[in-house]
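Notes for the structure review
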Amino acid sequence: MHAFFLAALSQSRRQFLASVGVGAVAGMIGLGGSTALAADREHTIIVGRSGQINTLDPLRADYNQTNAVISAVYDTLVTYDETTLIGSLATEYAYSEDARSITFTLRSGVKFHDGTALTAKDVAYTLDRLKRLGAGVGSLVSDYKSTTVTDDTHFTINLSNPNLLFLPSLSKIYILNSALVAANAGDNDGQGWLQVHDAGSGPYVVGDQSQAVVIDLFKNYWAHVEGRPQSIVFRRIDESSTLRDELRAGNIDVAFNFAARDAATIAADQALKVVPINTSYQAEVVFNTRVGPTADPKVRKALRMVYDYSGGLRGIRDGFGALANGPLPARLDCRPELPEVKRDLDAARALLAEAGASNLRLKMNFQPVFDMMKQEATLFQSNLREIGVELELEPIAFPNYLASLKDPNSIPQMMLIEDSAQVPDAGVMLVKSYKSDAIGTNRTGYANPEVDKLLDQAVATADDAKRCDLYKQVQTILHDDAVMVDMYGVYLPAAYRVDALAELKPSMLTMGIEPADFRLAKP
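All of these numbers come straight from a predicted model, not from anything done at the bench.

Considerations on the nonpolar core
Soluble globular proteins: nonpolar side chains tend toward being buried together. Ranked by internal contacts, the top residues of the largest apolar core, which has 100 residues, are L77, F104, I157, L170, V254 and F518. Excluding residues that lie within four positions of it along the chain, F104 makes contacts with L77, A90, E92, Y93, T153, H154, F155, I157, L167 and L170. By size, the runner-up hydrophobic cluster in this structure holds 38 residues, among which are Y309, L313, F370 and L492.

Dropping the structure here:
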């Protein structure tokens, strides 16, 4: 789309990025350039957030660090207004009576960032590519069969099975400029090129990446909104205390992934506002239910009775959340009334004895870049020692964790994560997480014919109430099978400078806030 050469950058942009203390981006994101002129500081928002951005390929929208950027660079056919599904690129859509196809009318006049028109052929190419690659958010549309293109604005998506979850899943499928990606496909279907390039039609265009990931406002976006920043800069800052200090100093304008203690210390600062973003996140330890000691439900139930839930929520999360009561985050609908798991060391010891699991030695992976997760891993390790179980803690990078899910035998024995719904629909999360054939997204290796049958029945059930009841039955089974240590639903503290940003709008499609929703305090 662009001739991305560093020489094309304006000297003012490089000086601006350096002046605000933007460091080099770690990982695979390399050099790039922007055809846009450098925006002045007053109209630029600098975001501080933790975690490595490995790619900007929309295929990996299941990776939060990637999705946080590309949600502003690409468009989807449908999206959510809070929990209500609405059209975006699609102005009309309807299922067939047998739920095996969906007809669409595409919004006319939408341009990609290189000026070419977005058509139904781009939708077909995007879905065909996901089917070929079979990874990332492709798991959300596994029932995709083909697309029949009628003309530039009308098409039909054909499904291999009746699936009423397919439409909401499209809210995470970003539509690609097919001609551009095909021209740069290489030998990996464009994955290498899309790591650092942009093939979108969204409100922002990928800009300079020489010192940080920068996106610039796309002047010809089809849905113009007043008050958007001219540029958004993403800085990687893993340490919560550094986020706090950089925010206070004015070197960043908004920060995510605060430790609760740091959020509390800046709450009194009149220049800043702390917001507890109540998203669909749940802190949990997921077990490998297929192989090893944790394949035994009695062992899993015993381990679930050991964690100090109240102590972790109070001492590590500073109360930013609520104790969990089930396998799905509390913000989702169609959840049964399940009890909170109580800490009971005597019962845990009895279950281990019943299972014949003496002198148990286990391993748990966690992401060391998140300070709260390190604390939770250490707390759980200490708790387990109280019943004679030794827990080895092993750091893992999230992309490596995702890769391990391709084979149930390689899934970590235990994994501490903050899991979330890709879209605000309970069924989508249940199918991708617990269907036995959901290889690559089934984080526990769970395989239960009864659950498979219930989920297959649910996705083909048009009656919302009946479908919801089936989801509740599945969650009850998962709870009884102790597929995880469901710790607590978490509120993710965010903070921003009130002279830079207007009120933050929480989203359930990204990790807290969608950058496209940023509005300047003084447009």
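After that view, the rundown keeps rolling.
Things to note about the layout of surface pockets
Space inside the largest pocket adds up to approximately 1100 Å³. Around the largest pocket, the lining is made up of 46 residues, and of these G134, A135, G136, S139 and T441 lie nearest the centre. Within the residue set of the lining of the largest pocket, elements represented by two or more residues are helix 3 (120-133), helix 4 (166-169), helix 6 (191-194), helix 13 (398-404), helix 14 (426-434) and helix 15 (449-459). Per-element accounting of the lining of the largest pocket gives the leading share, four residues, to helix 3. Its residues placed into classes, the lining of the largest pocket shows 21 nonpolar, 15 polar and ten charged.

Re the pairing of strand 14 (residues 361-366)
Judged from the six bridges that link them, strand 14 and strand 15 (residues 390-395) form a sheet pairing that is parallel. The residue of strand 15 that forms the bridge with K363 is E392. For the segment spanning strand 14, helix 12 (residues 371-385) and strand 15, crossover handedness is right-handed. Note: strand 14 against strand 16 (residues 414-419), two bridges, orientation parallel. Note that in strand 16 the partner of N365 across the bridge is M415.

Things to note about the pattern of salt bridges
Close approach of charged atoms allows side chains with opposite charge to pair. Applying the stated rule across the entire model yields 22 salt bridges. Among the ionic pairs, R235 bridges to E246, the shortest N-O distance being 2.8 Å. Of this pair, R235 sits in strand 10 (residues 231-236) while E246 sits in helix 7 (residues 240-249), and the two are eleven residues apart along the sequence. Like E246, R235 is buried. Between D346 and R349 there is a salt bridge, with its nearest N and O atoms 3.0 Å apart. One end of the pair is D346 and the other is R349, both in helix 11 (residues 345-355) and three residues apart, which spans about a single turn. Relative accessible area serves as the criterion here: at 58%, D346 is assigned to the exposed category. Residue classification places R349 among the partly exposed residues on the basis of a relative accessible area of 37%. Three or more residues joined by partner-sharing salt bridges are found here, namely R244, D245 and D262.

Describing the side chain of D198
By the element assignment, D198 lies in the loop between helix 6 and strand 8 (204-206). Nearest to the buried, unbridged D198 among oppositely charged side chains is R129, at 12 Å. One polar contact links D198 to H113, side chain to side chain, over a distance of 2.9 Å. For D198, the side chain forms a polar contact with the main-chain nitrogen of V206, separated by 3.0 Å.

Looking at empty space enclosed by the protein
Over the atoms, a rolling probe the size of a water molecule traces out where space has been left empty. Tallying each qualifying case throughout the model produces nine cavities of 30 Å³ or more. Empty space within the second largest cavity amounts to approximately 100 Å³. For the second largest cavity, the full set of lining residues is D62, G136, V137, S139, L140, L402, L405, Q422, K432, G440, T441 and R443. Split into classes, the residues belonging to the lining of the second largest cavity amount to four nonpolar, five polar and three charged.

Observations regarding helix 12
In a regular helix each residue adds 1.5 Å, so 15 residues correspond to 21 Å; helix 12 covers 22 Å between its end C-alpha atoms and thus fits that length. Restricting attention to buried positions, one finds in helix 12 the residues M372, M373, E376, A377, F380, Q381, N383 and L384.

Brief notes about the packing of aromatic side chains
Applying the stated rule across the entire model yields ten aromatic pairs. Aromatic pair Y93 and F104: ring centres 6.3 Å apart, planes at 40°, arrangement tilted. With Y93 in strand 4 (residues 90-95) and F104 in strand 5 (residues 101-106), the pair connects residues that are eleven residues apart, well separated along the chain. By relative accessible area, which is 3% here, F104 ends up buried. With a centroid separation of 5.3 Å and 50° between ring planes, the pair formed by Y221 and W222 is classed as tilted. Its relative accessible area of 13% is what places Y221 among the buried residues. For W222, a relative accessible area of 29% translates into the label partly exposed. By way of ring pairs, the aromatic residues Y307, Y309, F380 and Y488 are connected into one cluster. Here the guanidinium or amino end of R132 rests over the ring plane of Y125, the centre of that ring lying 5.8 Å away.

How each quantity is defined
- Each chain carries its own residue numbering, running from 1 in the written order of its sequence.
- Only residues with pLDDT of 70 or above have their local features reported here, since the model is predicted, and side-chain atom pairs are shown and tallied only from 80 upward, although totals for entire chains, interfaces and linings are computed over all residues.
- The side-chain figures draw on all heavy atoms in the structure; neither hydrogens nor water molecules are used.
- The nonpolar core is taken to be a set of buried Ala, Val, Leu, Ile, Met, Phe, Trp, Tyr and Cys residues, with the residues joined through side-chain atoms within 4.5 Å.
- Type-normalised accessible area, obtained with a 1.4 Å probe on protein chains alone, sets the label of each residue: buried when under 20%, exposed when over 50%, and partly exposed for intermediate values.
- For this analysis, residues touch if any pair of their heavy atoms sits within 4.5 Å.
- Only protein atoms enter the calculation, which uses a 1 Å grid: trapped sets of points that fit a 1.4 Å probe without letting it out are cavities, open sets showing protein on both sides within 12 Å along at least five of seven lines are pockets, and any residue with an atom within 4 Å of a point is a lining residue.
- Grid points are joined across faces, edges and corners, and a volume is the space filled by probe spheres set on the points.
- Think of it this way: any DSSP run of H or I at least four residues long counts as a helix, any run of E at least two long counts as a strand, and we number them from the N terminus.
- Three categories are distinguished: nonpolar for Ala, Val, Leu, Ile, Met, Phe, Trp, Tyr, Cys and Pro, charged for Asp, Glu, Lys and Arg, and polar for the others, with Gly belonging to the last.
- Strand pairing requires that DSSP identify at least two bridges connecting the strands.
- With the strands pointing away from the viewer, any crossover whose connection runs clockwise from the first strand over the helix to the second is right-handed.
- Think of a salt bridge as a Lys or Arg side-chain nitrogen and an Asp or Glu carboxyl oxygen that are within 4 Å of each other.
- A residue counts as positive if it is Lys or Arg and as negative if it is Asp or Glu; His and the chain ends are not included.
- Here a polar contact means two N or O atoms within 3.5 Å. Within protein one must be a hydrogen donor candidate and the other an acceptor candidate, and residues neighboring in sequence count only if both atoms are side-chain atoms.
- In a helix, the anticipated span is given by 1.5 Å times the number of residues less one.
- Put simply, two rings from Phe, Tyr or Trp (the six-membered ring, in Trp's case) pair if the centres are within 6.5 Å, and we call them stacked under 30 degrees between planes, edge-to-face over 60, tilted for the rest.
- In this analysis the charged atom, NZ for Lys or CZ for Arg, is taken to sit over a ring once it is within 6 Å of the ring centre and within 35 degrees of the ring normal.

By themselves, these are just geometric observations and shouldn't be taken as functional.
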